[in-house]
Amino acid sequence: MTRQWWQIETSELGALLATDLLSGLSQQEARVRLEKYGPNQLKEKKGPGPWRIFLSQFQDFIVWILISAALVSGFLREWVDALAIVVIIVLNAILGFIQEYRAEKSLAALKKLSSPTSKVIRDGKQMIVPSADLVIGDLITLEAGDHVPADCRLISLTPGFATQEASLTGESNPVAKTTLALEEKGIPLADRANMIYLGTSVVSGKAKAVVVETGMQTELGKIAGMIQEIEHESTPLQKRLEQFGKWIVYLCFVLVGLIFLLGILRGGKLLDMFLTAVSLAVASIPEGLPAVVTIALALGVQRMVKRHALIRKLPSVESLGSATVICSDKTGTLTKNEMTIQEVYAGDTLFRVTGIGYTPNGEFLVADKPINPSDYPQLHKLFTCGALCNGSHLVEECGLYKIIGDPTEGAILTAAAKLGLWKSKLEEEFPLVEEIPFDSDRKKMTVICKSKDGRFVAFVKGAPDILLNDCISLERGAAVEALSQNERDKILQVNTEMANQAMRVLALAYRIFDVAPTDYGAKMIEKDLIFLGLVAMIDPAREEVREAIKKCKSAGIKTVMITGDHKNTAMAIARQLGFFEKDSLALTGDELDALSEDELCQKVKKIAVYARVSPEHKLRVVRAWRKQGDIVAMTGDGVNDAPALREADIGVAMGITGTDVTKEVSDMVITDDNFASIVAAVEEGRGIYDNIKKFIHYLLSCNAGEILVMLVASLFGMPVPLLPIHILWINLVTDGLPALALGVDPVDPNIMSRPPRPAHEAIISKSRVWVIIFQGSFIAACSLLAFSFVLFIEKESLSCARTAAFIVLACSQLFHSFNCRHMSESLFKIGFFTNRKLILAAGISFLLQMAAVYVPSLQSIFKTRPLALFDWVLVLAVSSFPLWAMEVVKKVRKSRFAHP
């Protein structure tokens, strides 16, 4: 078919679909078509089974090395070390399994949007059938509150028929529908006024429609298909850890192999040197790294929950911290998705209204100063008209206000309530006699009410340019005056200024009748009106988002709006929030279609707003940013956001207004629907990554110290300063609790003043490598100094010297853990007690080390001897050298940078 469904006249639909538009399909024909086209369901791509997902957790290179280390430890009968490694591997596998298994449930949520049953006309009779049994050509009926069960072309409807399409298109207002054919072929989804779509719902009116697409061929089905096609990529942290793991393992094997060869060349026993080399290899590989990373991320997740961010996939915590672009949906994310009146024009006075959303808290201002509403009777009359000429209701549930009905009418009810005018009370004063519903031809709605004096009042609202033509007078204060041409021009000028701010404007008027005008008809009733004023409303930006976007700017993060709403509205919100600047561009979906992939990539960094876009467009934008090497966070709440959320490096769903689909495909859910919570999550993500680097730095410098102790002793022909069991014990005591405590170090207060990390940045930079080598060398030097002093100066036994080296190596690493809290700031400036968990971890590790020296049953295992008091003074003094040395280095470096 060369034409699209929305281009076809209703009279042609029956022939094209081989159906009767009065009596519908026959039951027999419906069965034939169901067999031919299949059920009206979203097909779920079969994913990997639970066992396959679980086994895939063991595919990482470092995991295989850890499995090998566990086997070697078992071979050496080091059962404690072997068991610890196995527990770490299994724990990580279970956590990874849980995350991935939940991530594959996204299409089940899409199915929930499908209506379970539908009202269909077959063989001339209306019946209820399962929505899965609908076929192309079926004739269905719909009314307010119904979910649309398939993609359909409207063939008849009542005045005021409208659907809510926000979850599919991003349009925040209900969409008025028509049965008229549309001429253009490439009309955006949000502008196809004669079509209704699966996953949307009917807000008002009744209609008949014919099904034109079912299942995976619907617009919702296409979104499901896009979700299936998108391949998951490793997060930056996963990629860096994988590269880092390989690098560190290869380096450790080379150094351990060198120590083994040197020991053999010096005449050492083959078995002894093999055991020493294997023990050193097991100790030097940071087997605690995956567990510490996982636990640090998990603890970070707990902190983020307190800041209204729920993390679904642990590695995304770090990814969010490295985000360079946040692509945000407008409706419900940057805005509240609650229409709000912001300006009112009545009686030649322009009022500004404070407050956002449906909570009736706010003031009316004139020239930015609060007023007493009783001084402006025209306001009372204007909103009496607005509240009565209104088919919606403002209700309170559990302290929260919400609208039942049309959001535009809800905005009027909220503003009226700010003046103390409540619809329920007004209806007692002005009982309803008749309602003339809104329709797209008149562009007006009218209610006729009876007043206390026995007369009848027609309250009218509608489009300003149309309604003004029906007015002959206007109300100013308590007086009614003739409406001159100058006054008309002035009202139209105010209307234009309001519309230029992307606000939706309605006019309100009234007319008094001595007798009930029930037989007059709309045309007679809606003329010779008295003009009351204009109300201008918009789905406003959240108050806290402006400050959040400022933080994003200072952190080097670009904000981009991607919405299904109109271009002018989107640009107005972007300007209010401060991310649409002089050189910024705004594109519609049609303008985006006209760009090639190369052209889009060239312009993407200047485009701040994308309006009237489809799910395919959102995917293109996310992919264009990622091609630039950026880390992209995509936020959203509607079904139309789901593919882009899955494609982005970090998908962020809204917890309150978000659909089940977006939550299931997302990496993170914002529980308060607050954009500011995303910025808080970015801050936490950066802090977590900083802490990951801290404990990796700590683990590597400590392991470097252990290797260098053995390497230097071998090079200089010294006795072996540490036994294999000493190395394994130190590895367990110092690599565990202190590393975990560094993982929860408080976030640097200046962290949001830094630019984002480059996506290709190594987890350990070259400059940090030299610092690690320097610190490892200092730890090794302190251990060898204690060993040599006790052995050669005090002439003590080899076991005493080894005990001294054993204690110094462990304690110097504990002192060194405090160095790792900051690369440049002094420990005493950031506060020794600001991380009490690290103090506790170091204390527990020290007690465990003392147990290995002084508990009799452990002395025989570790071959240790109690030290004399002087030796203890020496040991503790030497052990603290790494801390004082780094304090001096930090001081020197800081003074050098301060005075070039």
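(A) Spotlight on a nonpolar patch on the surface. Together, L737, L840, I844 and L848 make up an exposed nonpolar region whose accessible area comes to about 330 Å². Per element, the largest residue contribution to the nonpolar patch is three residues, and it comes from helix α33 (residues 836-854). Positionally, L840 belongs in helix α33. What makes L840 exposed here is its relative accessible area of 54%.

(B) Representation of the nonpolar core in the model. By size, the foremost hydrophobic cluster in this structure holds 135 residues, and its most contacted members are M304, L534, M668 and F675. The dominant element in this core, judged by the number of residues it contributes, is helix α27 (residues 675-715), at 19 residues. For L534, the contacting residues outside a window of four places in its chain are E343, V344, Y345, L382, P464, I491, V494, N495, M498, V505, L506 and A507. Counting 40 residues, the second-largest nonpolar core is a separate cluster that includes A415, L426, L508 and Y510.

(C) Structural context of the sheet that holds strand β3 (residues 139-143). Taken in spatial order, the six strands of this open sheet run β2-β1-β3-β9-β4-β7, and their pairing is antiparallel. If you trace the sheet from one side to the other, it starts and ends with β2 (125-130) and β7 (195-196), each paired once. As defined by bridge partners, strand β1 (residues 117-122) adjoins β3 across two bridges and the pair is classed as antiparallel. Bridge pairing links I121 to L139 in β3. Lying on the sheet, helix α1 (residues 10-17) is in contact with β4 (151-157) and β9 (206-213); it crosses β4 at an angle near 135°.

(D) A look at unusual backbone geometry. Even without a glycine there, the phi angle at A502 is positive, about 65°. Along the chain, the position of A502 falls in the loop between α18 (485-500) and β23 (504-513). The phi dihedral of K795 is positive, around 60°, even though this residue is not glycine. Note that K795 resides in the loop between α30 (766-793) and α31 (798-819). Note on K795: relative accessible area 65%, which makes it exposed.

(E) Examining the confidence of the model for the protein more closely. On average, the protein scores 84 in pLDDT, and the residues at 70 or more come to 87%. This stretch, residues 103-115, has a pLDDT under 50; its non-local contacts, to residues over four places away or in other chains, come to 39 contacts.

(F) Focus on the packing of aromatic side chains. By the definition in use, this model includes 12 aromatic pairs. Here the aromatic rings of F351 and Y376 are separated by 5.2 Å at their centres, their planes lie at 85°, and the arrangement is edge-to-face. Here the residue F351 occupies a position in strand β13 (residues 349-353), and Y376 occupies one in the loop between β15 (369-370) and α14 (377-388), the gap between them amounting to 25 residues. Under the relative-accessibility criterion, F351 is labelled buried at 1%. On the numbers, 5.9 Å between centres and 75° between planes, the contact of F364 with F383 is edge-to-face. Taken together, the residues F364 in strand β14 (residues 364-366) and F383 in helix α14 connect sequence positions 19 residues apart. The buried category is assigned to F364, whose relative accessible area is 3%. Through a chain of ring-to-ring contacts, three or more aromatic side chains come together here, namely W729, F806 and F862.

(G) Summary view of the environment of L258. Residue position: L258 is located in helix α9 (residues 236-265). A C-alpha to C-alpha distance of 7.9 Å links L258 and L711, two positions 453 residues apart in sequence.

(H) Seen up close, the sheet that holds strand β6 (residues 175-176). With antiparallel pairing, the three strands of this open sheet are ordered in space as β6-β5-β8. Sheet topology places β6 and β8 (201-204) at the edges, where each strand pairs with a single neighbour. Bridging between strand β5 (residues 162-164) and β8 involves three bridges; their strand directions are antiparallel. Bridging across to β8, A162 finds its partner in S204.

(I) Expanded view of the packing of α31 against helix α35 (residues 869-879). Running from N to C, α31 and α35 point in directions that differ by 35°, and their axes come no closer than 8 Å. Between α31 and α35 lies a crossing whose hand is right-handed. Only W872, V875, L876, V878 and S879 of α35 make contact with α31, whose side of the interface consists of A804, I807, V808, C811, S812 and F815.

(J) Summary view of the state of the cysteines. Under the counting rule described, the total for this entry stands at zero disulfides. C449 carries a free sulfur, and the closest cysteine sulfur to it, the one in C389, is 8.5 Å from it.

(K) Local environment of the environment of S753. Along the chain, the position of S753 falls in the loop between α29 (737-742) and α30. Along the backbone, S753 and K553 are 200 residues apart, and their C-alpha atoms lie at a distance of 9.1 Å.

(L) Seen up close, the pairing of strand β27 (residues 607-611). The buried count for β27 comes to five of five residues, which makes it a mostly enclosed element. Looking at chain direction, strand β25 (residues 558-562) and β27 are connected through two bridges and run parallel. By the bridge assignment, M561 is partnered in β27 with V609. Where strand β26 (residues 585-588) lies against β27, four bridges are found, and the strand directions are parallel. Across the sheet, A586 pairs through a bridge with V609, a residue of β27.

(M) Region of the structure containing the environment of D593. Looking at where D593 falls in the secondary structure, it is placed in helix α22 (residues 589-593). When the C-alpha atoms of D593 and V613 are compared, they prove to be 9.7 Å apart, with 20 residues separating the residues in sequence. What D593 contacts, discounting residues up to four positions off in sequence, is H617 and R620.

(N) Fine view of the pairing of β2. Pairing of β1 with β2 involves six bridges; the strand directions are antiparallel. What sits directly across from R122, in β2, is K125. In this antiparallel pair of consecutive strands, β1 and β2, the connection spans two residues, and D123 shows a positive phi of 55°.

(O) How the structure looks around α1. Within α1, burial applies to L13, G14 and L17. Burial along α1 is one-sided: seen end-on, the buried residues are contained in an arc of 95°. Looking at α1, the residues exposed on the side facing more than 90 degrees away from the buried face are S11 and A15. Summarising the contacts, the buried residues of α1 are in contact with α2 (27-37), β4 and β9. A18 lies just past α1 and shows a positive phi near 55°.

(P) Fine view of the side chain of D745. Note on placement: D745 falls in the loop between α29 and α30. Contact partners of D745, with chain neighbours within four places excluded, come to N691, K694, R821 and N835.

Rules and cut-offs
Residues numbered from 1 in each chain as written. Predicted model: local features only at pLDDT ≥ 70, side-chain atom pairs only at ≥ 80, totals over all residues. Heavy atoms only, no water. Patch = residues over 30% accessible without salt bridge, like charges linked within 9 Å, V, L, I, M, F, W, Y side chains within 5 Å. Areas by Shrake-Rupley, 256 points an atom, 1.4 Å probe, with all protein chains shown as cover. Salt bridge = Lys/Arg side-chain N within 4 Å of Asp/Glu carboxyl O. Helix = DSSP H or I, 4+ residues; strand = E, 2+ residues; numbered from the N terminus. Buried < 20%, exposed > 50% of the residue type's maximum accessible area, 1.4 Å probe, protein only. Core = buried A, V, L, I, M, F, W, Y, C linked by side-chain atoms within 4.5 Å. Contact = heavy atoms within 4.5 Å. Pairing = 2+ DSSP bridges. Axes fitted to C-alpha atoms, helices over the stretch in contact; angles between N-to-C directions. pLDDT = per-residue confidence, 0-100. Phe/Tyr/Trp six-rings, centres within 6.5 Å; stacked < 30°, edge-to-face > 60°. Left-handed = near helix turned anticlockwise from the far one by under 90°. Disulfide = S-S within 2.5 Å. Arc of directions from axis to C-beta.

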